[in-house]
Amino acid sequence: MAIIKCEECGKDMSDTLRRCPHCGAKQKKQGKKMKSKSKKKLIGAIASLFIILLLVVITFNIFRLNKAESQRVEDINANISYLLDKNTENVAKVVIIKWINECDDVKKQYSELKWKEKLYVKGYTKVKNKEEEFTKAINTIDKNAIQNVENLIQNIGTVKINSKDKINDANKQYQNLDSELKNKVANYKSLEKAIRDYDKLSAKNVEKLIKKIGTVKYNSHCYNKITEAREKYDLLTSSGKKLVKNYSKLTKSEKKYKSLKSENKEAQKIRKIKNSISITSFTYEMDTVGGCDIRIEGVNKSSKTIKYIYYNIVAFNAVDDILYSEISQEAVTRLKETGPIAPGSHFGNGRYWSGAFYNSNTEYFKLVSAEIQYTDGTKQKIGIDYVKYISNWK
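Let us now look at the packing of helix 9 (residues 220–234) against helix 11 (residues 247–274). For the pair helix 9 and helix 11, the least separation of the axes is 10 Å and the interaxial angle reads 135°. Compared by their axis directions, helix 9 and helix 11 come out oblique. You can see that helix 9 and helix 11 cross each other, and the crossing is left-handed. Residues Tyr223, Ile226, Ala229, Arg230 and Tyr233 of helix 9 form the contact with helix 11, whose own contacting residues are Tyr247, Leu250, Thr251, Ser253, Glu254 and Tyr257. The residue makeup of the contact of helix 9 with helix 11, split by class, is seven nonpolar, two polar and two charged.

Before going further, it helps to spend a moment on helix 9. The end-to-end C-alpha separation of helix 9 is 21 Å, in line with the 21 Å expected for 15 residues at 1.5 Å each. Within helix 9, burial applies to Cys222, Ile226, Ala229, Arg230 and Tyr233. Each buried residue of helix 9 sits inside an arc of 100° when the element is viewed along its axis, so together they form one side. Turned more than 90 degrees away from the buried face of helix 9, the exposed residues are Ser220 and His221. Of the surrounding elements, those touching the buried residues of helix 9 are helix 8 (188–213), helix 10 (238–241) and helix 11. The N-capping residue of helix 9, defined by a side-chain oxygen 3.3 Å from the backbone nitrogen of histidine 221, is asparagine 219.

Counted under the stated rule, the structure contains 15 salt bridges. One salt bridge connects lysine 93 with aspartate 178, and the closest N-O pair in it is separated by 2.8 Å. Taken together, the residues span a long stretch of sequence, with lysine 93 in helix 3 (residues 93–111) and aspartate 178 in the loop between helix 6 (164–175) and helix 7 (179–182) at a distance of 85 residues. Under the relative-accessibility criterion, aspartate 178 is labelled partly exposed at 40%. Here glutamate 254 makes a salt bridge to arginine 230, at a shortest N to O gap of 2.7 Å. Placement of the pair is glutamate 254 in helix 11 and arginine 230 in helix 9, with a sequence separation of 24 residues. Assessed through its relative accessible area of 19%, arginine 230 is described here as buried. A network of salt bridges, in which partner residues are shared, links Glu69, Lys114 and Lys116.

The end-to-end C-alpha distance of helix 11 is 41 Å, a good match for the 40 Å that 28 residues give at a rise of 1.5 Å each. Residues of helix 11 that are buried in the fold lie against helix 8, helix 9, strand 3 (277–286) and strand 10 (379–382).

Attention now moves to the environment of threonine 135. Its place among the elements puts threonine 135 in helix 5 (residues 125–154). The class for threonine 135 is partly exposed, based on a relative accessible area of 36%. In sequence terms threonine 135 and glutamate 285 are 150 residues apart; their C-alpha atoms lie 102 Å from each other.

With 10 of its 11 residues buried, strand 5 (residues 306–316) lies for the most part within the structure. Summarising the sheet, strand 5 and strand 9 (residues 364–374) pair through 10 bridges and their orientation is antiparallel. Within strand 9, the residue paired with tyrosine 311 across the bridge is alanine 370.

To find leftover empty space, one rolls a probe the size of a water molecule over the atoms. Approximately 340 Å³ is the volume found for the largest pocket. Along the wall of the largest pocket there are 15 residues; nearest its centre are Lys164, Tyr198, Ser202, Leu235 and Leu236. When residues of the lining of the largest pocket are assigned to their parent elements, the largest contribution, six residues, is made by helix 8. Of the residues assigned to the lining of the largest pocket, the class counts are seven nonpolar, five polar and three charged. Of the pockets and cavities examined, the second largest pocket occupies roughly 290 Å³. Looking at the second largest pocket, it is lined by 11 residues, and the ones nearest its centre are Lys366, Leu367, Val387, Lys388 and Trp393. The residue inventory of the lining of the second largest pocket, partitioned by class, reads six nonpolar, two polar and three charged.

For the rest of this paragraph, the subject is the sheet that holds strand 6 (residues 332–341). Taken in spatial order, the four strands line up as 6-5-9-10 in an open sheet, and their pairing is antiparallel. One side of each edge strand has no neighbouring strand; the edge strands of this open sheet are strand 6 and strand 10. Neighbouring strand axes in the sheet, compared pairwise and without regard to direction, differ in orientation by 20° on average.

What counts and what doesn't
Residue positions are given per chain, counted from 1 along the sequence in the order it is written. pLDDT decides what is reported in this predicted model: residues at 70 or higher carry local features, side-chain atom pairs at 80 or more are listed and counted, and totals for whole chains, interfaces and linings draw on all residues regardless. Side-chain metrics rest on all non-hydrogen atoms present in the structure, leaving aside hydrogens and water. All axes here are fitted lines through C-alpha atoms, helices being fitted over the stretch that makes contact, and every angle between N-to-C directions spans 0 to 180 degrees. Counting from the N terminus, the helices are DSSP H or I runs at least four residues long and the strands are E runs at least two residues long. Any angle from 65 to 115 degrees is called roughly perpendicular, while one under 35 is roughly parallel, one over 145 is roughly antiparallel, and all others are oblique. Helix crossings get a hand from a simple test, with the near helix turned counterclockwise from the far one by less than a right angle marking a left-handed crossing and a clockwise turn marking a right-handed one. We call two residues in contact whenever any of their non-hydrogen atoms come within 4.5 Å of each other. Gly is put with the polar residues, along with every residue not named as nonpolar or charged; the nonpolar set is Ala, Val, Leu, Ile, Met, Phe, Trp, Tyr, Cys and Pro, and the charged set is Asp, Glu, Lys and Arg. Expected span of a helix, by definition, is 1.5 Å for each gap between consecutive residues, and there is one gap fewer than residues. Each residue is placed in one exposure class: buried if its accessible area under a 1.4 Å probe, protein chains only, is under 20% of its type's maximum, exposed if it is over 50%, and partly exposed if it falls in between. Starting at the helix axis, one direction is taken to each C-beta atom, and the arc is that of these directions. Between N or O atoms, a polar contact is any pair within 3.5 Å; within protein, one atom must be a potential hydrogen donor and the other a potential acceptor, and residues adjacent in sequence are included only when both atoms are from side chains. We define a salt bridge as a side-chain nitrogen of Lys or Arg found within 4 Å of a carboxyl oxygen belonging to Asp or Glu. Pairing between strands is defined by DSSP: at least two bridges between them are needed. The way it works is a 1 Å grid over only the protein atoms, where trapped points that fit a 1.4 Å probe form a cavity and open points with protein on both sides within 12 Å along at least five of seven lines form a pocket, and then any residue with an atom within 4 Å of a point lines it. Grid points are joined across faces, edges and corners, and a volume is the space filled by probe spheres set on the points.

Interpretation in functional terms is not warranted from these geometric data alone.
Dropping the structure here:
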């Protein structure tokens, strides 16, 4: 049993009574009505819940990313995280420029995403701030670079012959600047003047060095003067070289010294050949069949023991034609003297090469080359232009 309100008078009454004890009004069947209302409410609640669930499922499917979309989001998030983690302190300008370009790449990458993909991107709004940070860092680097060059130029001071390093350092740092930054160096004209002044001083110094060479002789003192003048000249700038008025004297001195060196080298070679062996006698006898028995005598003038001497000789007829051996058909005959031949000792005495060459028209022989092998393993070759220094036979 439950207490309800009378539909007429509104006073309390039992829900089991059909009429109100207060006003006598007949009551409707409230129990069934209440049950019907409760049932309708339950159905409505279930329907609402179903609609909500349906909306959740639809929404989930709309916002859900497929594999390709997820990968694009993952890639851009990784790029953003990479950029946001960068610190510009003590970083080279070229690296920061690379980061700025990567910021532009991220912005392009973001613009190509679908609207639902953008919902999953993290930190994109901070990329612009990071790009501004990078740009500011580059501006600071550029400003410091300009200031550094200006300071280096100012520190050159009065140009002297020892100002080269300061000038070169300032000019090198200036040349390393971008074209745009070069135009912002306030005292660049001072650097240009310093370079011109140094060229003049350096050229004058080189002129003095060239003048000091004097008469060219083949000795170390003259060589050092020529070398110093050449080295200093080569260090000049192209404009500085044009200021050296006596450069032709340097080139002539170099040419003369080279000629003297060549002459000295030739003299040394001849002296060495003269101090090897000396052929004191060359004779031959012709037998009845045209064979030549050849005898060569000489002395070891070197300080080393000779192991072998090889002679290459050529025969000539009465009208100076070269003859060929009738046996070997060769023009050059090779003879071997066997040692050991001690320093200062004579060789060839009482020995001869029997039938070394066969041609009955032989009038005379010439030595065309020789080779000496010493017992210490060294060799000395004497060519056709130098055999006259070890023998004068005709």
